[in-house]
Amino acid sequence: MRRVDAFAREVEEWENIFIPLEDGTRLAARVWLPKDAAAAPVPAILEYLPYRKRDGTVHRDALTHPYLAGHGYACLRVDMRGNGDSDGIMEGEYLPQEQDDALEVIAWIRQQPWCTGRVGMIGISWGGFNGLQVAWHQPEGLDAVISLCSTDDRYADDIHFKGGCLLCEQLGWSSTMLAYSSRSADPAIVGEQWRVQWLERLEREPHLASVWMEHLTRDAFWKHGSICEDYGRIRTAVMLVGAWADSYHDPVPRMLTHLKAPRQAIIGPWVHKYPHFAVPGPRIGFLQEAVRFYDRYLKDVDNGADQAPALRAYLMDGVPPATQYEHRPGRWVAEPDWPSPRITTVPLHLGRGRLTDAPEPVEPMSICSPHTVGQAAGEYCPIWLGPELPGDQRIDDGGSLLFDGQILADDLTILGGPVLEVTFQSDRPQANLAVRLCDVAPNGASARVTYGVLNLCHHTSHEHPEKLVPRQRYRARIELDEVGYRFSAGHRLRLAVSTAYWPLIWPSPENATVTLELEECRLLLPVRPPCAHDPAPSFAEPEAAAPLEEIVHRPATNRRLTTIDAGTGIQRLEILDDFGEFEIVAHGLVTGSVGREWYEIHPDDPLSAKMRTHWTETSRRGDWSVRTESFASMHADQTHFHLTARVEAYEGDRLVFEKDWTTSHERGCV
């Protein structure tokens, strides 16, 4: 990545300003803008997050916001209410209060003498969500949004549910936010009130997983903030950025299909990161793309950005399975329109152990997987923390029904979301299916290309699921994740079907056997045929502003360890993500963070599933030192989920606060 130190507009930084809201709350903001903006006003770009501008996002902020400011924009990195150095309490995720505050912030920005009155938003994940959510409200002056790794449907594509199955990541992310929101504001910014503010936050901080567990179906709680409820309300120009190794790539093609406003998209091979510094490569000149997009829609520069293809996507070549990559070979392609008329749906039928071009008379096949199937799945949302990607799938293939295609005589490229249509029966009132499409090399190595899961009680509706009648025949569609991928000649496709996928999804309450009526099952592949005229889009080399000046006191380390107790048969996964401890040279704040997760299950007992977490957060400067320890756990019986959580806060080594939560929640059809 090329470092840029000199820009067309000289940049100045305001370390902190407070933006006043109507109710008296002040939101803390860090600002970068051209030094001459008061005399020559510029459009503004807002990034609005709960992740702490002072220390949480400083590394990526240093690369990104000064660069945009140097190209003639005022960039504001604003801490949400109840986070970082802002006042107030954050009572939940994507609540109306959050969006109302953003609308006030935009109105305030437009009134400033250094702003032209035109505003853009940018953000990844939470920030990508709220860019779309705020645009849905149609605030005056918001003319352009860049949304990375986000969603249009909070139930279908976030960290809570997938195909109606409960994601273990729900407790994992709740634990992350419990830790993040437990941290103190910086006394150097907020002054002597830091301690009172800190203790009030700790007292009122919610345990988010306990709230989410009261909403196991796609009810009004999840519909709020889901722009798919009315795509037509988005009138702002939108650039969507997705990543094949991330968990948020499906919404990109869906929004391309349904949004009516000017829209374009880029999907690369990356994990959950900005594309100018993400892995695996190739990285792209994302900031140049962002400037070009904002210049067109915030400055009315006729630069052709509005003529970009609907979708620029990276088609990954098959490579041996590995849990992390520095680079993925492949090539960029452009689709002028989406859905693309050049992509055809090719059906493959399920025979006994094989994929066929035409249906065959064949007996049904049944599966009741060990609950350890899923150990090669990797993280639900890889985010560049060590070996997070799915490894060799042979370890999970052993507990699955397998359907292998013939050895490919020619390369086969897919771009889109495969679908498995099934007719099935279950011997229990609740059952899950996990479906993996794999690339099997001549040496037998099995690489996961894409996957999908479905809570079979949701086969007709995520809003109104119904328990299954044992032995009754049902029809279902299992949608696999969108992907761009090239299978090489000499390889073969493999479809793997299991009833378990731990620890990505929570297991059924009973050992369920699912029977597939193979004659009525087929796999639909979105095939992108070879094109004689297929020019590749080009991207500039990645650029960024100067990296953060820091002193590393403890380097970051990551570990993922799976063990099997030979005496009990229990399989355990231990995850350690030590983010290290670093000192920010500009103001001397030293922060550290360690996250830990443990999962365990017996292959024959779904009720043995347990998950727990433990986070440590530290901040210090001189004689001032604070630390929080947060804990959470979840297990289930046949009728209820049981959750616990605890927060402890320390000044130095003295315990100054502690709080516990214990809740139980009906399982319903999960």
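Here, the structure is the one placed above.
To start, this report covers the structure provided alongside it. Throughout this document, residue positions are counted from 1 along each chain, in the order its sequence is written. Per-residue local features are limited, in this predicted model, to residues with pLDDT of at least 70; the limit for side-chain atom pairs, both in listing and counting, is 80 or more; totals at the level of whole chains, interfaces and linings are taken over all residues. Side-chain figures throughout are based on the complete set of non-hydrogen atoms in the structure, without hydrogens or water.

Bringing the packing of aromatic side chains into the picture now. Only rings of Phe, Tyr and Trp enter the pairing, Trp through its six-membered ring, and a pair is recorded when the two centres are within 6.5 Å. The plane angle decides the type: under 30 degrees is stacked, over 60 is edge-to-face, the rest tilted. Here the structure, examined in full by the defined rule, presents 31 aromatic pairs. Summarising the aromatic geometry, the rings of Tyr-51 and Trp-173 are spaced 6.2 Å apart at their centres and angled 90 degrees between planes, so their arrangement reads as edge-to-face. One end of the pair, Tyr-51, is in the loop between β4 (42-49) and α1 (58-70); the other, Trp-173, is in helix α4 (residues 169-180), and 122 residues separate them in sequence. There is no split in this pair, since Tyr-51 and Trp-173 are both buried. Between Tyr-274 and Phe-277 the ring centres are 6.2 Å apart and the planes differ by 35 degrees, which places this aromatic pair in the tilted class. Note on classification: 1.4 Å probe, protein chains only; a residue is buried when its accessible area is under 20% of the maximum for its type, exposed when over 50%, partly exposed between these limits. What makes Tyr-274 buried here is its relative accessible area of 2%. One aromatic cluster is present, formed by Tyr-51, Tyr-94, Trp-126, Phe-129, Trp-173, Tyr-180, Tyr-248, Phe-579 and Trp-615 through successive ring pairs. Numbering of helices and strands runs from the N terminus; a helix is a DSSP stretch of H or I covering at least four residues, while a strand is a stretch of E covering at least two.

Moving on: the layout of surface pockets. Points on a 1 Å grid over protein atoms alone make up a cavity when a 1.4 Å probe fits among them but cannot get out, and a pocket when they form an open set with protein on both sides within 12 Å along at least five of seven lines; lining residues each have an atom within 4 Å of a point. Grid points are joined across faces, edges and corners, and a volume is the space filled by probe spheres set on the points. Estimates place the volume of the second largest pocket at around 1000 Å³. In this structure, the second largest pocket is lined by 41 residues; those nearest its centre are Arg-254, Val-419, Arg-477, Glu-479 and Glu-482. Contributing elements (two or more residues each) for the lining of the second largest pocket: α9 (251-258), β14 (344-350), β18 (412-416), β21 (446-455), β22 (474-479) and β26 (522-527).

Within this structure, the stated rule accounts for five cavities of 30 Å³ or more. Volume-wise, the largest cavity comes out at about 440 Å³. As for the largest cavity, its lining consists of 29 residues, and the residues nearest its centre are Trp-244, Ala-245, Pro-390, Arg-448 and Val-449. Going through the elements one at a time, β21 and β23 (483-487) are the ones with two or more residues in the lining of the largest cavity.

Its place among the elements puts Thr-413 in strand β18. The spacing of Thr-413 and Ser-488 is 75 residues in sequence and 8.7 Å in space, taken between C-alpha atoms. Once residues within four sequence positions are removed from consideration, Thr-413 is found in contact with Leu-315, Tyr-485, Arg-486, Pro-526, Val-527 and Arg-528. When checking whether two residues touch, look at their non-hydrogen atoms; a contact exists if any pair is within 4.5 Å.

We now examine helix α2 (residues 96-110). For a helix, the expected span equals 1.5 Å multiplied by the residue count minus one. Here α2 contains 15 residues, and its C-alpha end-to-end distance of 21 Å stays within 8% of the 21 Å for a straight helix at 1.5 Å per residue. Inspection of α2 places Glu-98, Gln-99, Asp-101, Ala-102, Val-105, Ile-106, Trp-108 and Ile-109 among the buried residues, and these make up the whole buried set.

All right, on to α1 then. Here α1 spans 18 Å end to end across 13 residues, near enough to the 18 Å set by a 1.5 Å rise per residue. Counting buried positions along α1 gives twelve out of 13 residues, so the element sits mostly inside the fold. Following α1 by one or two positions, Gly-72 has its phi on the positive side, about 95 degrees.

The next thing to look at is the nonpolar core. Leu-76, Ile-109, Trp-114, Phe-286, Tyr-294, Trp-506 and Leu-516 are the most contacted members of the largest nonpolar core, which has 197 residues in total. Residues in contact with Phe-286, not counting those within four places in the same chain, are Ile-122, Ile-146, Leu-148, Val-241, Tyr-274, Pro-275 and His-276. The definition of a nonpolar core used throughout is a set of buried Ala, Val, Leu, Ile, Met, Phe, Trp, Tyr and Cys residues joined through side-chain atoms within 4.5 Å. One finds Val-279, Val-319, Tyr-325 and Leu-389 within the second-largest nonpolar core, a separate group that totals six residues.

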